[in-house]
Amino acid sequence: IDYCCINMYMDNRDLSFGQNMALWRSATDDGSEYGDTKWRWMIFDMDEAIQRFDETTDPGDWMKSFCLMQEPVLKSFMQNAGFREQFFSTLLEIGRNNFEYGEVSAELKEWKSIYEEQLLINHLRFFDEGFDKEELEEEFLFMDDFFARRYEFIQQAIEEIKEDNSEFGW
């Protein structure tokens, strides 16, 4: 649930249970917190996350069409009312705690101050020779705006889904 909810909150559109997903574990039990040989989900390849969404995007439609919601395993789990409630509760909790706007905004500003020059060099070298500081500033402003509005968007999506869940067969 945590793994799926984090990817949904970040609007990571480039994953499925057969693409851009990974698990990891330690090979031996060394007694440490993560050295216990248990399998854990790993988030990576987030280049399709934090997408621009149209002001006319309906939150419920977004959630219904989100790539993970098309996965047979998750669709099956979502038919269980207890799982569904835990899923929605976790999605909101992640938004309140892990992606709380004030903290995310402060981290973005700090990250920009540390890495701005390297980001410009990288982008100029690999993507766009005309990329400049103004465009980089626009990207940071976009990400900040995404997180400023994301929690409310997720709340609306959950409310819409709960009001009309017939399309999912729940």
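Here is a short report on the structure shown in this document. (Residues numbered from 1 in each chain as written. Predicted model: local features only at pLDDT ≥ 70, side-chain atom pairs only at ≥ 80, totals over all residues. Heavy atoms only, no water.)

What about the overall build of the protein?
And step 1. Looking only at helices and strands, one finds 6 helices and 2 strands in the protein.
And step 2. In sequence order, the secondary structure elements of the protein are arranged as α-β-β-α-α-α-α-α.
And step 3. Principal axes of the C-alpha set define a box for the protein whose edges measure 50 × 50 × 30 Å.
And step 4. Within the protein, the fraction of its 170 residues that count as buried is 38%.
And step 5. Residue pairs in contact within the protein that sit at least 24 positions apart in sequence constitute 68% of those at least 6 positions apart.
And step 6. Here the protein contributes 16 positive and 39 negative side-chain charges, whose respective centroids are spaced 4 Å apart. (Helix = DSSP H or I, 4+ residues; strand = E, 2+ residues; numbered from the N terminus. Buried < 20%, exposed > 50% of the residue type's maximum accessible area, 1.4 Å probe, protein only. Contact = heavy atoms within 4.5 Å. Lys, Arg positive; Asp, Glu negative; His and termini not counted. Charge placed at Lys NZ, Arg CZ, Asp CG, Glu CD.)

Describing the packing of helix α1 (residues 2-9) against helix α4 (residues 81-97)
And step 1. Remark: α1 packs on α4, axes separated minimally by 9 Å, with the N-to-C direction vectors making an angle of 55°. Classified by the angle their axes make, α1 and α4 are oblique. The chirality of how α1 crosses α4 is right-handed. Residues D2, C4, C5, I6, M8 and Y9 of α1 pack against F87, T90, L91, I94 and G95 of α4.
And step 2. By residue class, the composition of the contact of α1 with α4 is 8 nonpolar, 2 polar and 1 charged. (Axes fitted to C-alpha atoms, helices over the stretch in contact; angles between N-to-C directions. Parallel < 35°, antiparallel > 145°, perpendicular 65-115°, else oblique. Left-handed = near helix turned anticlockwise from the far one by under 90°. Nonpolar A, V, L, I, M, F, W, Y, C, P; charged D, E, K, R; others polar.)

Examining a negative patch on the surface
And step 1. A grouping of E100, E103, E107 and E110 is seen on the molecular surface, where their side chains present a negatively charged patch.
And step 2. Within the secondary structure, E100 sits in the loop between α4 and α5 (101-126).
And step 3. E100 sits in the partly exposed class, given a relative accessible area of 32%. (Patch = residues over 30% accessible without salt bridge, like charges linked within 9 Å, V, L, I, M, F, W, Y side chains within 5 Å. Areas by Shrake-Rupley, 256 points an atom, 1.4 Å probe, with all protein chains shown as cover. Salt bridge = Lys/Arg side-chain N within 4 Å of Asp/Glu carboxyl O.)

Let's talk about the packing of aromatic side chains
And step 1. Applying the stated criterion to the full structure yields 12 aromatic pairs.
And step 2. Ring geometry for F77 and F83: centres 5.2 Å apart, planes at 45°, overall tilted.
And step 3. Ring centres of W111 and Y115 lie 5.2 Å apart, and the angle between their planes is 45°; this geometry places the pair in the tilted category. Of this pair, W111 and Y115 both sit in helix α5, 4 residues apart, roughly one helical turn.
And step 4. Among the aromatic side chains, those forming a connected cluster through ring pairs are Y9, F99, F146 and F147. (Phe/Tyr/Trp six-rings, centres within 6.5 Å; stacked < 30°, edge-to-face > 60°.)

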